[in-house]
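What the coordinates show
Take a look at the letters that make up each chain.
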Amino acid sequence: MNRNAGPKPAFLHPYLSHSMKQVYFTAGPAELYPTVYAHLQEAMDRQIGSISHRSAQFRSIYQFCAEQLRALMSIPETHGIFFTGSASEVWERVLLNCVEHESFHLINGSFSKKFCEYATAVHKYTHKQEKPFGEGFDYGEVEVPEYAELIAVTQNETSSGVQMRTVDIHKLKRSNGRKLMAVDIVSSAPYPDLDFSLIDSAFFSVQKAFGLPAGLGVWIANEKCLEKAELLRHGDQTIGAHNSLPLLWKNFKNYETPATPNVLLIYLLGKIAEDFNRIGVETIRKETEEKAKSLYKFIENHPLFEPFVKEERHRSRTVVVATTKKPSSEIIAKVKESGMVIGSGYGQFKDSQIRIANFPATSAGQVGRLIDVLGKL
Ligand SMILES: *Cc1c(COP(=O)(O)O)cnc(C)c1O
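Everything in this summary refers to the structure shown in the same document. What you see is a predicted model; the values in this text were computed from it and never measured. (Residues numbered from 1 in each chain as written. Predicted model: local features only at pLDDT ≥ 70, side-chain atom pairs only at ≥ 80, totals over all residues. Heavy atoms only, no water.)

Here we come to the overall build of the protein chain. Of regular secondary structure, the protein chain possesses 11 helices and 14 strands. A compact globule built from 377 residues should have a C-alpha radius of gyration of about 21 Å, and the protein chain, at 21 Å, falls within 12% of that. Dimensions of the protein chain, computed from C-alpha atoms along their principal axes, come out at roughly 65 × 50 × 35 Å. A buried classification covers 56% of the 377 residues belonging to the protein chain. (Helix = DSSP H or I, 4+ residues; strand = E, 2+ residues; numbered from the N terminus. Rg over C-alpha atoms; globule rule 2.2 N^0.38 Å. Buried < 20%, exposed > 50% of the residue type's maximum accessible area, 1.4 Å probe, protein only.)

Take a look at the structure:
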């Protein structure tokens, strides 16, 4: 670009006009899925940003998105699919609508900890079982308190790169059939194959593995969650005014939302889910596993890196965390020179770890290139 060609148009802010495009291996916001650009253009052509959320056009957008997500994640008709502002909003909704007094939290990192803090903030009595940062849970060691009404599990901890395997999550629910279970799959969906004949509720947001811009949360909840919310609504507790489950469900029956939703992102999510369905969720899962395997193999063998999560079964397949032998800021800066953005460690691990998102938006070829660049450090 000729820098002397007069003032730039206002929308070309200097920070945005760098000509070099980066590949984002950050855990969210993340690299956009390659088809987003075309879908966004189509959405603009169809004037999606101006249509009424009480129109037949919107209802068909909602229905399409819900149907694509059902197919992709095998979500049965017993579960409603609702839209919120974010996944952290869902933390609060689950707690207000599905817990009268006591919730139980498996804490395997910073996000699960925040989920638990939300419970305290909305005046629930919280039980927790906590692991040191970088360690994960197995079914056998979990001790569920008798009076807990809800078990809150974070399947993929974005902060520490720890996963809880779905087999363990399913066993936990099977042995606690009368308690509700809510699973945070924010930074892994649609990778984990949750069995929704067991799981009462799960949620995610779109700026992680679905490769979309941020601004939409998705809440999946079954009739048992609704029954609980109805029960609480008529008791002493508040279930809140905004996006309460009975209200969401009533609107959902008509493929509508209580308030004006992010119509554009609902449209785009439906399109991305359709793209994923065309590829096939099994293929997406297999590719995720293969890319994860090559990333872990690399950090296990390179002298500069070490996998942070020691137990192979607890290693996240979608967010790979490595401890670095020199300040991670130097590594991140070097990688950036090659047109790739990787994340720093979370919180106190900011400068001693790197985090690499392994989402469907980044291909095996791109992951291979990242490994090449890291290997030359
Ligand atoms: C990002 C994230 C959240 C919060 O999602 P928001 O969209 O920022 O509300 C919750 N849980 C996990 C595991 C996450 O990675």
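Close to the ligand lie 13 residues; Ser88, Thr158, Asp184, Ser205 and Lys208 are nearest. Residue Ser205 places a side-chain N or O atom 2.8 Å away from an oxygen atom belonging to the ligand. Side-chain polar atom of Lys208 to an oxygen atom of the ligand: 2.7 Å apart, as the coordinates give it. Protein contact buries 88% of the 380 Å² of open area that the ligand shows by itself. Sort the elements by how many residues they give to the shell around the ligand and helix H3 (residues 87-98) lands first, with three residues. (Near = heavy atom within 4 Å. Polar contact = N/O pair within 3.5 Å; in protein donor to acceptor, adjacent residues only side chain to side chain. Areas by Shrake-Rupley, 256 points an atom, 1.4 Å probe, with all protein chains shown as cover.)

Within the secondary structure layout, Lys297 lies in helix H9 (residues 281-301). For Lys297 and Pro307, which are 10 residues apart along the polypeptide, the C-alpha to C-alpha distance reads 9.2 Å.

Overall, mixed pairing links the seven strands, which are arranged E2-E10-E9-E8-E5-E3-E4 in an open sheet. Every other strand in the sheet has two partners, leaving strand E2 (79-84) and strand E4 (125-130) as the edge strands with one partner each. Taken pair by pair, the neighbouring strands of this sheet meet at an average axis angle of 20°, ignoring direction. Seen against the sheet, H3 touches E2, strand E3 (102-107), strand E5 (150-154), strand E8 (180-184), strand E9 (201-205) and strand E10 (217-222) and runs at an angle of roughly 160° to E9. Where helix H4 (residues 110-121) meets the sheet, its contacts fall on E3, E4, E5 and E9, and the angle it forms with E3 comes to roughly 165°. (Pairing = 2+ DSSP bridges. Axes fitted to C-alpha atoms, helices over the stretch in contact; angles between N-to-C directions. Contact = heavy atoms within 4.5 Å.)

Moving on, we come to the side chain of Gln129. Along the polypeptide, Gln129 turns up in strand E4. Side-chain polar atoms of Gln129 contact the backbone oxygen of Glu141, separated by 2.8 Å. In this structure the side chain of Gln129 is engaged in a polar contact, spanning 3.0 Å, whose partner is the backbone nitrogen of Glu143.

For sheets, the rule is that strands pair by backbone hydrogen bonds, running either parallel or antiparallel. With mixed pairing, the five strands of this open sheet are ordered in space as E1-E13-E14-E12-E11. Of all strands in the sheet, those with a lone pairing partner are strand E1 (23-25) and strand E11 (305-307), marking the two edges. Between one strand and the next, the sheet's axes are offset by a mean angle of 35°, whatever the strand orientation. As paired elements, E1 and strand E13 (residues 340-344) share three bridges and run parallel to each other. Its bridge partner being in E13, Phe25 is matched across the sheet by Ile342.

Moving on, we come to helix H1 (residues 36-45). Within H1, the full set of buried residues consists of Val36, His39 and Ala43. Here the buried residues of H1 occupy an arc of 65° about the axis, which is enough to place them on one side. Exposed residues lying more than 90 degrees from the buried face of H1 are Tyr37 and Asp45. In this fold, the buried residues of H1 make contact with helix H8 (263-279). The first or second residue beyond H1 is Gln47, which carries a positive phi of 55°. (Arc of directions from axis to C-beta.)

The end-to-end C-alpha distance of H4, which contains 12 residues, comes to 16 Å, matching closely the 16 Å that a straight helix rising 1.5 Å per residue would cover. Listed in full, the buried residues belonging to H4 are Ser110, Phe111, Ser112, Phe115, Cys116 and Ala119. Residue His123 follows H4 closely and has a positive phi angle near 70°. (Expected span 1.5 Å × (residues − 1).)

Our next topic: the packing of H3 against H4. It is at 9 Å that the axes of H3 and H4 come closest, and there the two elements cross at 45°. The angle between the axes of H3 and H4 places the two elements in the oblique class. Handedness of the crossing formed by H3 with H4: right-handed. Residues Ser88, Trp91, Glu92 and Leu95 of H3 form the contact with H4, whose own contacting residues are Phe111, Lys114, Phe115, Tyr118 and Ala119. Its residues assigned to classes, the contact of H3 with H4 shows six nonpolar, one polar and two charged. (Parallel < 35°, antiparallel > 145°, perpendicular 65-115°, else oblique. Left-handed = near helix turned anticlockwise from the far one by under 90°. Nonpolar A, V, L, I, M, F, W, Y, C, P; charged D, E, K, R; others polar.)

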